[in-house]
Amino acid sequence: MPKGKIIKALSGFYYVLSEGQIIQCRGRGVFRKNKVTPLVGDEVVFQAENETDGYILEVKDRKNELVRPPIANVDQAILVFSSVEPEFSTVLLDRFLVLIEYNRIDPLICVTKMDLASSDEVAKMKEFAAQYEAVGYPVILTSSETEAGIEQLLPYLKDKISVFAGQSGVGKSSLLNVIRPDLDLKTNEISSSLGRGKHTTRHVELISIGDGLIADTPGFSSLEFLEIEAEDLNYCFPEIEKVSEDCKFRGCLHLSEPKCAVKEAVENNEIPAYRYEHYKDFLQEIKDRKPRY
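Cut-off values and rules
Residues numbered from 1 in each chain as written. Predicted model: local features only at pLDDT ≥ 70, side-chain atom pairs only at ≥ 80, totals over all residues. Heavy atoms only, no water. UniProt positions renumbered as here; feature names shortened; annotations may be inferred. Phe/Tyr/Trp six-rings, centres within 6.5 Å; stacked < 30°, edge-to-face > 60°. Buried < 20%, exposed > 50% of the residue type's maximum accessible area, 1.4 Å probe, protein only. Lys NZ or Arg CZ within 6 Å of the ring centre and 35° of its normal. Pairing = 2+ DSSP bridges. Helix = DSSP H or I, 4+ residues; strand = E, 2+ residues; numbered from the N terminus. Axes fitted to C-alpha atoms, helices over the stretch in contact; angles between N-to-C directions. Contact = heavy atoms within 4.5 Å. 1 Å grid on protein atoms, 1.4 Å probe; cavity = no way out; pocket = protein on both sides within 12 Å on 5 of 7 lines; lining within 4 Å. Points joined across faces, edges and corners; volume = space filled by probe spheres on them. Nonpolar A, V, L, I, M, F, W, Y, C, P; charged D, E, K, R; others polar. Expected span 1.5 Å × (residues − 1). Parallel < 35°, antiparallel > 145°, perpendicular 65-115°, else oblique.

- You'll find the protein chain entered in an unreviewed UniProt entry as Small ribosomal subunit biogenesis GTPase RsgA, with Niallia hominis given as the organism.
- Checking UniProt for the protein chain, the heading Subcellular location (unreviewed entry) contains the comment "Cytoplasm".
- According to its UniProt record, the protein chain has this under Subunit (unreviewed entry): "Monomer. Associates with 30S ribosomal subunit, binds 16S rRNA."

Structure (structure tokens):
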């Protein structure tokens, strides 16, 4: 039986890429019975008499899956944030990073609109970039207008499934259009009254770009920590996890416990204060979450 990868899901049809061809397939009824929903990114076994009349027979095991956007087997998340319009937000970036870390997906931080930033804003962005790179996150400063940083980005795309994520209006579609101009993805001007853009992408689809596959999606419609427990959060901040090995108490949450190595590292400027503040805020959010039954 032929094998392939689902690259688009739309109106009950699954479009499977197999040996350079795209086959339109439906899912078998047994999937509904077993509550299995094929996702974009899934490796599948299928049968087809022609390019428009196929059936998916089996969905292979996934290494990960996201709910919003619904996609499986993601290798990396390219977190797109603008330097200005909308303003760069470390708290929103850290929220994305926690969710990405929890799903065991490699993040890449991509800052757009550097051509619109003032000299002071450029200096500030470079400082933030250095701090996140010190944590272990690659950061690329880009501009869709001048194409700065695009060459740096391309090697990260090769042979990977990547999700482009970020708030509306940061220039995700503009960035993809620069990398592959024939896409001509629709972009919206930022609403001056709301300070944010509107979603322009209607479905999840894997697009061949830069020798890899990219999911151009509406982004993460939910940024809530619904699955993450308080004791998990430590592992979603790599620099906190590393330093926490020296805490006196196992299971230290780095709040009021004595001889906490994390709090000491923050006081010594070894961990940025804002990262620690976000950790505490997220921890409180998780503790305040209503239990699900």
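## Concerning the packing of aromatic side chains
- Here the structure, examined in full by the defined rule, presents nine aromatic pairs.
- Between Phe 81 and Phe 88, the aromatic rings sit 6.0 Å apart at their centres with planes inclined by 70°, giving edge-to-face as the arrangement. Taken individually, Phe 81 and Phe 88 each receive the classification buried, so the pair is uniform in this respect.
- In this arrangement the basic side chain of Lys 8 is found over the ring face of Tyr 15, its NZ or CZ atom lying 4.8 Å from the centre.

## Some points on the sheet that holds strand β3 (residues 21-27)
- Strand order in the closed barrel formed by five strands is β1-β2-β3-β5-β4, with mixed pairing between adjacent strands. Across the sheet, the mean angle separating the axes of adjacent strands is 55° when strand polarity is ignored.
- As paired elements, strand β1 (residues 3-10) and strand β2 (residues 13-18) share five bridges and run antiparallel to each other. From the neighbouring strand, Lys 5 faces β2, where its bridge partner is Leu 17.

## As for the side chain of Ser 83
- Looking at the secondary structure, you find Ser 83 in the loop between β8 (76-82) and α2 (90-102).
- The class of Ser 83 is buried, set by a relative accessible area of 5%.
- Contact partners of Ser 83, with chain neighbours within four places excluded, come to Phe 88, Val 111, Thr 112, Lys 113, Met 114, Ala 117 and Met 125.

## A closer look at empty space enclosed by the protein
- This structure, assessed with the given rule, holds one cavity of 30 Å³ or more.
- Here the largest cavity defines a volume of roughly 40 Å³.
- Phe 88, Ile 109, Val 111, Met 125, Phe 128, Ala 129, Tyr 132, Val 139 and Leu 141 together form the lining of the largest cavity.
- With four residues, the top contributor of residues to the lining of the largest cavity is helix α3 (residues 119-135).
- Partitioning the lining of the largest cavity into residue classes produces nine nonpolar, no polar and no charged.

## Side note on α2
- Here α2 spans 18 Å end to end across 13 residues, near enough to the 18 Å set by a 1.5 Å rise per residue.
- For α2, a buried count of 10 out of 13 residues is recorded, marking the element as mostly surrounded by other parts of the structure.
- For α2, the complete set of buried residues consists of Thr 90, Leu 92, Leu 93, Asp 94, Arg 95, Phe 96, Leu 97, Val 98, Leu 99 and Ile 100.
- Elements that come into contact with the buried residues of α2 comprise β8, β9 (106-112), α3, β11 (161-165), α6 (230-233) and α9 (273-288).
- Arg 104 lies just past α2 and shows a positive phi near 55°.

## Here we look at the packing of helix α4 (residues 150-157) against helix α5 (residues 172-179)
- For the pair α4 and α5, the least separation of the axes is 11 Å and the interaxial angle reads 85°. On the basis of their axis angle, the class for α4 and α5 is roughly perpendicular. Taking contact as the criterion, the partners of Ile 150, Leu 153, Leu 154 and Leu 157 in α4 are, on α5, Leu 175, Val 178 and Ile 179.
- Class assignment of the residues belonging to the contact of α4 with α5 gives a composition of seven nonpolar, no polar and no charged.

## A look at unusual backbone geometry
- Cis geometry is adopted by the peptide bond preceding Pro 86, which originates at Glu 85 and carries an omega value of 0°.
- You can see Pro 86 is positioned in the loop between β8 and α2.
- Unlike most non-glycine residues, Glu 85 shows phi in positive territory, near 50°.
- Of note in the backbone geometry, Glu 147 takes a positive phi value of approximately 65° without being a glycine.
- Residue placement: Glu 147 occurs in the loop between β10 (139-141) and α4.

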